[in-house]
Every structure is written in C-alpha cells, then in structure tokens.
Amino acid sequence: AQSVTQLDSQVPVFEEAPVELRCNYSSSVSVYLFWYVQYPNQGLQLLLKYLSGSTLVESINGFEAEFNKSQTSFHLRKPSVHISDTAEYFCAVSATGGGADGLTFGKGTHLIIQP
Amino acid sequence: DVKVTQSSRYLVKRTGEKVFLECVQDMDHENMFWYRQDPGLGLRLIYFSYDVKMKEKGDIPEGYSVSREKKERFSLILESASTNQTSMYLCASSFSPGQGSFAEAFFGQGTRLTVV
C-alpha cells in the first residue's frame with residue numbers, strides 16, 4: 001500500500017517571504033508524484049507533477065518541487081509568496097505500474113499568507 | 001480543456017434515501033475516481049474505475065457503490081444515506097501513461113451533500 005504524509009496542517013507566512021510545504025510518501029514501487037491546489041469553494045487543480053526525467057519540476061506561477069528518492073520526499077517551495085497563494089495544498093502519489101491503490105492524497109496543508 | 005462535470009453543487013437528502021451522484025468527463029480518460037473530502041482528513045478514495053464496468057474499492061467503500069456503464073460517466077450511489085455521509089464529494093478522471101497507471105487527475109467542482 002502507498003501513503004502520503006503532509007506534516008504541517010497549517011503554514012502561516014508573511015507576504016513576499018519564502019515557503020516550503022513538506023510531503024513525504026511511502027511506497028514499495030516507483031511512483032508518480034503530484035501537487036494540487038484548492039482555492040476556497042473550488043475543486044482541485046494540478047499545480048505540478050513528476051512523472052520521469054528531471055527531479056526538479058516547476059509550475060507557471062513560481063512554485064517548484066524536487067523529487068528526492070532517497071528521502072522519499074517531494075517538498076513544494078516558492079521563493080516569494082503572494083496573498084493570492086492562500087489555499088489548501090495537497091500532495092498525491094500513484095504507482096507507475098498502476099494497481100489497487102489508485103491515486104492517494106495527503107491530508108493537505110493550509111497555506112495562510114499574512115500581509 | 002478537460003472538463004469533469006458533477007451533476008449538482010449542493011444536495012440535501014434525508015436519512016435512508018438512495019442518493020445518486022453523477023460525474024461526466026469529456027476527454028476519453030480510462031480512469032475515474034470518487035473521493036470524499038472532510039476537514040482535517042484530506043481526500044479519501046471511495047472507489048475508482050479503470051475501464052467500463054470495472055471498479056476497485058478504495059479506502060472507504062462501505063455504504064457506497066458505483067456504476068460505470070459508459071466510459072465518460074461514473075456514478076456514485078449511496079444505498080441508504082446516513083448523516084455520517086454528509087461531506088464534499090469530488091469526482092476526478094485521468095489518463096494512463098502506461099499500462100494501468102494513473103497520471104494527473106482532473107477534478108470536478110465537487111458536490112456538497114448534506115444528509116438530514
């Protein structure tokens with residue numbers, strides 16, 4: 001079975017400060033990794049993904065995440081946050097070979113941007 | 001753009017009713033999912049389907065069933081609604097980059113179900 005741990009349920013940070021949202025996963029097989037964002041009263045949107053290739057992946061709005069296989073982590077970072085980044089962020093994992101676990105999500109981290 | 005459409009944004013049902021939540025996707029994706037989202041618990045997988053008429057139980061299938069008669073449509077059924085099934089229900093679809101695998105999922109807007 002696979003699982004995802006997001007250690008921080010809430011992360012408060014001041015506007016224009018850097019932020020890191022932590023994600024660790026557990027799986028006995030190789031994985032795909034994802035970060036999703038959910039703005040208030042909306043569905044989830046894909047922020048970025050790791051399927052293969054470069055371990056550093058970037059989104060169009062300045063977020064990046066690095067796949068670290070040895071530490072089984074996929075932390076999300078942004079060098080300077082904006083008020084509009086306030087949202088819930090979810091890390092997710094799926095096995096590259098598919099299987100009965102499907103797509104598994106963490107419990108989410110609420111990013112709170114303070115002016 | 002991929003579109004995943006859930007039939008209702010808000011539903012209020014009575015305890016014991018049979019409830020149908022409908023989801024339609026327009027991108028010919030093989031995989032479809034039903035999750036429920038509760039504060040502090042994140043998204044929990046109820047069922048998923050990797051092909052027409054095929055289904056797999058997720059983490060919390062008790063009290064639910066699903067139907068996938070056509071590739072684009074995936075229905076979640078609450079056989080006898082109970083108050084502990086009050087929640088946000090999210091449908092998603094994804095393609096398979098490799099045999100049976102799951103790539104990025106596209107989500108609907110969600111259905112907030114209240115059982116009274």
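Being a predicted model, the structure only gives us computed values, none of them experimental. (Residues numbered from 1 in each chain as written. Chains lettered and ligands numbered in written order. Predicted model: local features only at pLDDT ≥ 70, side-chain atom pairs only at ≥ 80, totals over all residues. Heavy atoms only, no water.)

1. Quick look at the nonpolar core
Counting residues in hydrophobic clusters, the biggest one holds 28 residues, and the most contacted among them are Trp35, Leu48, Phe74, Leu76 and Tyr89 of chain A. For this core, the secondary structure elements donating two or more residues are strand S2 (10–14), strand S3 (19–21), strand S5 (31–38), strand S6 (44–50), strand S8 (64–68), strand S9 (73–78), strand S10 (87–95) and strand S12 (109–114) of chain A. In this structure, Tyr89 of chain A is in contact with Gln6, Leu21, Trp35, Tyr36, Val37, Leu47, Phe63, Leu76, Gly108, Thr109 and Leu111 of chain A, ignoring residues within four places of it in sequence. Counting residues in each nonpolar core, the second largest holds 20 residues, with Val4, Tyr47, Phe74 and Leu78 of chain B among its members. (Core = buried A, V, L, I, M, F, W, Y, C linked by side-chain atoms within 4.5 Å. Buried < 20%, exposed > 50% of the residue type's maximum accessible area, 1.4 Å probe, protein only. Helix = DSSP H or I, 4+ residues; strand = E, 2+ residues; numbered from the N terminus. Contact = heavy atoms within 4.5 Å.)

2. Focus: the environment of Leu113 of chain B
Residue and element names in this part refer to chain B. Here Leu113 lies in strand S11 (residues 111–115). Taking the C-alpha atoms as reference points, Leu113 and Arg9, separated by 104 residues in sequence, lie 8.4 Å from one another. What Leu113 contacts, discounting residues up to four positions off in sequence, is Leu11, Lys13, Val19, Leu78, Gln85, Thr86, Ser87 and Tyr89.

3. Here we look at the environment of Phe105 of chain A
With respect to the element layout, Phe105 of chain A can be found in strand S11 (residues 103–105). Taking relative accessible area as the criterion, Phe105 of chain A reaches 7% and is therefore assigned buried. When the C-alpha atoms of Phe105 of chain A and Phe34 of chain A are compared, they prove to be 9.1 Å apart, with 71 residues separating the residues in sequence. When near neighbours in sequence (up to four residues on either side) are disregarded, Phe105 of chain A contacts Val4, Tyr36, Leu44, Phe90, Cys91 and Ala92 of chain A together with Tyr35, Leu43 and Phe107 of chain B.

4. Some points on the pattern of salt bridges
All names here are of chain B. Going through the model one piece at a time under the given rule, you end up with eleven salt bridges over all chains. Taking the shortest distance from any N to any O, the salt bridge between Lys71 and Asp28 comes out at 3.2 Å. In this pair, Lys71 sits in the loop between strand S7 (64–70) and strand S8 (73–78) while Asp28 sits in the loop between strand S3 (19–25) and strand S4 (31–38), placing the two residues 43 residues apart along the sequence. Look at Asp28 and you get exposed, because its relative accessible area is 53%. The shortest N-O distance in the salt bridge between Glu69 and Lys53 comes to 2.5 Å. Highlighted residues: Glu69 in strand S7 and Lys53 in the loop between strand S5 (42–51) and strand S6 (54–57), separated in sequence by 16 residues. (Salt bridge = Lys/Arg side-chain N within 4 Å of Asp/Glu carboxyl O.)

5. Overview of the layout of surface pockets
Counted as a void, the largest pocket has a volume near 600 Å³. Of all the secondary-structure elements, those providing two or more residues to the lining of the largest pocket are S10 of chain A together with S4, strand S9 (87–94) and S11 of chain B. Broken down by element, the residue count for the lining of the largest pocket peaks at three residues, all from S10 of chain A. Residue classes in the lining of the largest pocket are distributed as eight nonpolar, 14 polar and six charged. (1 Å grid on protein atoms, 1.4 Å probe; cavity = no way out; pocket = protein on both sides within 12 Å on 5 of 7 lines; lining within 4 Å. Points joined across faces, edges and corners; volume = space filled by probe spheres on them. Nonpolar A, V, L, I, M, F, W, Y, C, P; charged D, E, K, R; others polar.)

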